[in-house]
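Structural overview for review
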Amino acid sequence: MTILRVDSSITGENSVSRILTQRITDQLASGGEPVVVRDLAADPLPHLTLDQLGAGPVLDEFLAADTVVIGAPMYNFTLPTQLKAWLDRILVAGQTFRYTATGPEGLAGGRRVIVALSRGGFYEEGTPAGALEHLKTYLTGVFGFIGIAPEFVHADGIAAGPEQREAGIANGLEEVDRLAA
Ligand SMILES: Cc1cc2nc3c(=O)[nH]c(=O)nc-3n(C[C@H](O)[C@H](O)[C@H](O)COP(=O)(O)O)c2cc1C
């Protein structure tokens, strides 16, 4: 099994999403499977430009993976621009999706994508804050477009005080353990 871990948090040792991606990859690779690590904060990809459109090494790395673990912190109600630049390399017409007479078709199915969400607040559907949730909804849509139903673990309320932070991390880790069970 080839595992790709993609981190995008800029908060270094304080990062909650990195706690979760670490735990997920530890469990997936417990048999010694290799983990390819792409740290988008340490090595950011540039904004997409016309000359970089199409297939490339970032897409090859994604397509070579059976399981992709993504750390997705919420910044300003959506994903970090570092992660968006990575997605810009993954959504490539003719490679991960194509347009057909009956509509778009995802071509990247058959691999597992696990997303570790860490969010400062709470974004239950139907609440006023829920209308500002453009992270999980976006990633669900984008991966769905290329043929993948991502699995999510959630650490919420990270900016709501120390107790809420601990509770959010504990919830995320519990969800990771449930995924592995
Ligand atoms: C630049 C920045 C912007 C943020 N914007 C939001 C936000 O819009 N909504 C929210 O709920 N939390 C927000 N937060 C809080 C983070 O989502 C929270 O701290 C989360 O744990 C970040 O993931 P990380 O710990 O892996 O860095 C923001 C944090 C940072 C650093």
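Computed from a prediction, not measured in an experiment: that's the story for all the values here.

Moving on to the UniProt feature "domain: Flavodoxin-like fold" (unreviewed entry) in the chain. Here, UniProt's "domain: Flavodoxin-like fold" (unreviewed entry) annotation points to residues 1-178. With 32% helix and 21% strand, the stretch residues 1-178 has end C-alpha atoms that lie 20 Å from each other.

Its location among the elements puts Ser 17 in helix H1 (residues 16-28). Taking relative accessible area as the criterion, Ser 17 reaches 1% and is therefore assigned buried. Here Ser 15 takes part through its side chain, which lies 3.3 Å from a polar atom of the side chain of Ser 17. Excluding residues that lie within four positions of it along the chain, Ser 17 makes contacts with Ser 9, Gly 71, Ala 72, Pro 73, Ala 116 and Ser 118.

As for its placement among the helices and strands, Arg 111 is situated in the loop between strand E5 (103-106) and strand E6 (112-118). Asp 66 is the oppositely charged side chain nearest to the buried, salt-bridge-free Arg 111, at an N-O distance of 6.7 Å. A polar contact of 2.8 Å, which involves the side chain of Arg 111, links it to the backbone oxygen of Leu 63. In this structure the side chain of Arg 111 is engaged in a polar contact, spanning 2.7 Å, whose partner is the backbone oxygen of Ala 108.

With their axes 12 Å apart at the nearest point, helix H3 (residues 81-90) and helix H4 (residues 136-145) run at an angle of 10° to one another. Between H3 and H4, the angle falls in the class roughly parallel. In contact with Lys 84, Trp 86 and Leu 87 of H3, H4 contributes Tyr 138, Leu 139, Val 142 and Phe 143. Looking at the contact of H3 with H4 residue by residue, the classes come out as 6 nonpolar, no polar and 1 charged.

The rules behind each value
Residues numbered from 1 in each chain as written. Predicted model: local features only at pLDDT ≥ 70, side-chain atom pairs only at ≥ 80, totals over all residues. Heavy atoms only, no water. UniProt positions renumbered as here; feature names shortened; annotations may be inferred. Helix = DSSP H or I, 4+ residues; strand = E, 2+ residues; numbered from the N terminus. Buried < 20%, exposed > 50% of the residue type's maximum accessible area, 1.4 Å probe, protein only. Polar contact = N/O pair within 3.5 Å; in protein donor to acceptor, adjacent residues only side chain to side chain. Contact = heavy atoms within 4.5 Å. Lys, Arg positive; Asp, Glu negative; His and termini not counted. Salt bridge = Lys/Arg side-chain N within 4 Å of Asp/Glu carboxyl O. Axes fitted to C-alpha atoms, helices over the stretch in contact; angles between N-to-C directions. Parallel < 35°, antiparallel > 145°, perpendicular 65-115°, else oblique. Nonpolar A, V, L, I, M, F, W, Y, C, P; charged D, E, K, R; others polar.

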